[in-house]
Amino acid sequence: MLSKSNIDIRPIQSKRELDDMYYQRWLVLRAPLGMDRGSEKDKHDYSAFHLVAVCEEKIIGSARLRQLSAQLGSIAYVAVLSEFRSQGLGTKLIKKLMEQAQEKNLKSLRLMARSNTLGFYHRIGFLEKGEPFNFLGIPHIFMYANLPLFCDNVEDR
Ligand SMILES: CC(C)(COP(=O)(O)OP(=O)(O)OC[C@H]1O[C@@H](n2cnc3c(N)ncnc32)[C@H](O)[C@@H]1OP(=O)(O)O)[C@@H](O)C(=O)NCCC(=O)NCCS
């Protein structure tokens, strides 16, 4: 079980951490699909806000926020190492990105959810919109949440 005391959720602090984050992102979101290193990156990464969960200098979770317009932000690459799941880390990462989005005066957030994660995002206040579609051979659907979402109702574990 995680001890909260040694988990730090914060922005990336160095090039080394960025590389470690890409590796963790690949491990969780691409390697299980048999995809090569590099497939975890996209052209928006250089201008995005990257948040990581760090435990004893190891990146155990990560997620990204980028601005699509003056009002809309996009959350992507939400990834928690399997041995650290269902302990509130994913929720904390999203909650911190929501706070960051509010600081940027964004009014709503969008994400592309894998169909097997809808329950997780529903709990945080996201609702699906539009038709499901395939991405990387996995059914996805867009989900949205309006801000402010009273982060405080996403109970701290
Ligand atoms: C989806 C993911 C980010 C959730 O992170 P996590 O740290 O396990 O989530 P939390 O512990 O904060 O979960 C909060 C609640 O949502 C529930 N939950 C977690 N994953 C869920 C899922 N896939 N479907 C439904 N509910 C889920 C948890 O059981 C928990 O419920 P509880 O409060 O009743 O205990 C993580 O499981 C993961 O990285 N999965 C693999 C990669 C992936 O699918 N990423 C998302 C791509 S869109």
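An unreviewed UniProt entry annotates the chain as GNAT family N-acetyltransferase of Symploca sp. SIO1C4.

J.: What is the right way to read the pattern of salt bridges from this model?
T.: Pairing of side chains with opposite charge becomes possible as their charged atoms draw close. A full pass over the atoms with the stated rule returns nine salt bridges. The partner of D45 in a salt bridge is R64, with the nearest N and O atoms 2.9 Å apart. Residue D45 is located in the loop between α1 (15–29) and β2 (49–55), and its partner R64 is located in strand β3 (residues 58–67); the two are separated by 19 residues in the primary sequence. Here the residues in one salt-bridge network are R25, D42, D45 and R64, joined through shared partners.

J.: Is there a simple way to think about the side chain of E17 in this case?
T.: As for its position among the elements, E17 is in helix α1. Polar side-chain contacts of E17 include one of 2.9 Å to the backbone nitrogen of Q13.

J.: Please explain the nonpolar core as it appears in this structure.
T.: Note on soluble globular proteins: their nonpolar side chains tend to be buried together. Among the nonpolar cores identified, the biggest contains 38 residues, and I75, M98 and F126 are the most heavily contacted of them. Within the second largest apolar cluster, five residues are counted, among which are M21, Y22, V54 and I59.

J.: Quick question: what am I supposed to make of the pairing of β2 here?
T.: Side chains on a regular strand alternate between the two faces of the sheet. The element β2 is largely enclosed, with a buried count of seven among its seven residues. Across the two faces of β2 the burial is the same, with F49, L51, A53 and C55 and H50, V52 and V54 all buried. In this structure, strand β1 (residues 7–11) lies alongside β2, joined through five bridges in antiparallel fashion. By the bridge assignment, P11 is partnered in β2 with L51. Sheet analysis places β2 next to β3, joined by seven bridges and oriented antiparallel. Each bridged residue has a counterpart across the sheet, and for L51 the counterpart in β3 is A63.

J.: Looking at this model, I keep getting lost on the environment of I138. Mind explaining?
T.: By the secondary structure assignment, I138 is in strand β7 (residues 138–146). Between the alpha carbons of I138 and L89 there is a distance of 23 Å; along the sequence they are 49 residues apart. Those residues within four positions of I138 in sequence are excluded, and the remaining contacts are L33, R114 and F133.

J.: How do you make sense of the UniProt feature "domain: N-acetyltransferase" (unreviewed entry) in the chain when you look at a structure like this?
T.: UniProt tags residues 7–148 as "domain: N-acetyltransferase" (unreviewed entry). Between the end C-alpha atoms of residues 7–148 there is a gap of 26 Å, over a span that is 25% helix and 39% strand.

J.: How should the sheet that holds strand β6 (residues 127–135) be read in this particular structure?
T.: Strands pair in a sheet through their backbones, by hydrogen bonds, and they do so in one of two ways: parallel or antiparallel. Overall, mixed pairing links the seven strands, which are arranged β1-β2-β3-β4-β5-β7-β6 in an open sheet. Of all the strands in the sheet, the pair left with one neighbour each is β1 and β6. Going from strand to strand, the sheet's axes swing by 20° on average, the running direction of each strand aside. Strand direction decides the pairing type here: strand β5 (residues 108–114) and β7, joined by seven bridges, are antiparallel.

Conventions and cut-offs
- Residues numbered from 1 in each chain as written.
- Predicted model: local features only at pLDDT ≥ 70, side-chain atom pairs only at ≥ 80, totals over all residues.
- Heavy atoms only, no water.
- Salt bridge = Lys/Arg side-chain N within 4 Å of Asp/Glu carboxyl O.
- Helix = DSSP H or I, 4+ residues; strand = E, 2+ residues; numbered from the N terminus.
- Polar contact = N/O pair within 3.5 Å; in protein donor to acceptor, adjacent residues only side chain to side chain.
- Core = buried A, V, L, I, M, F, W, Y, C linked by side-chain atoms within 4.5 Å.
- Buried < 20%, exposed > 50% of the residue type's maximum accessible area, 1.4 Å probe, protein only.
- Pairing = 2+ DSSP bridges.
- Contact = heavy atoms within 4.5 Å.
- UniProt positions renumbered as here; feature names shortened; annotations may be inferred.
- Axes fitted to C-alpha atoms, helices over the stretch in contact; angles between N-to-C directions.

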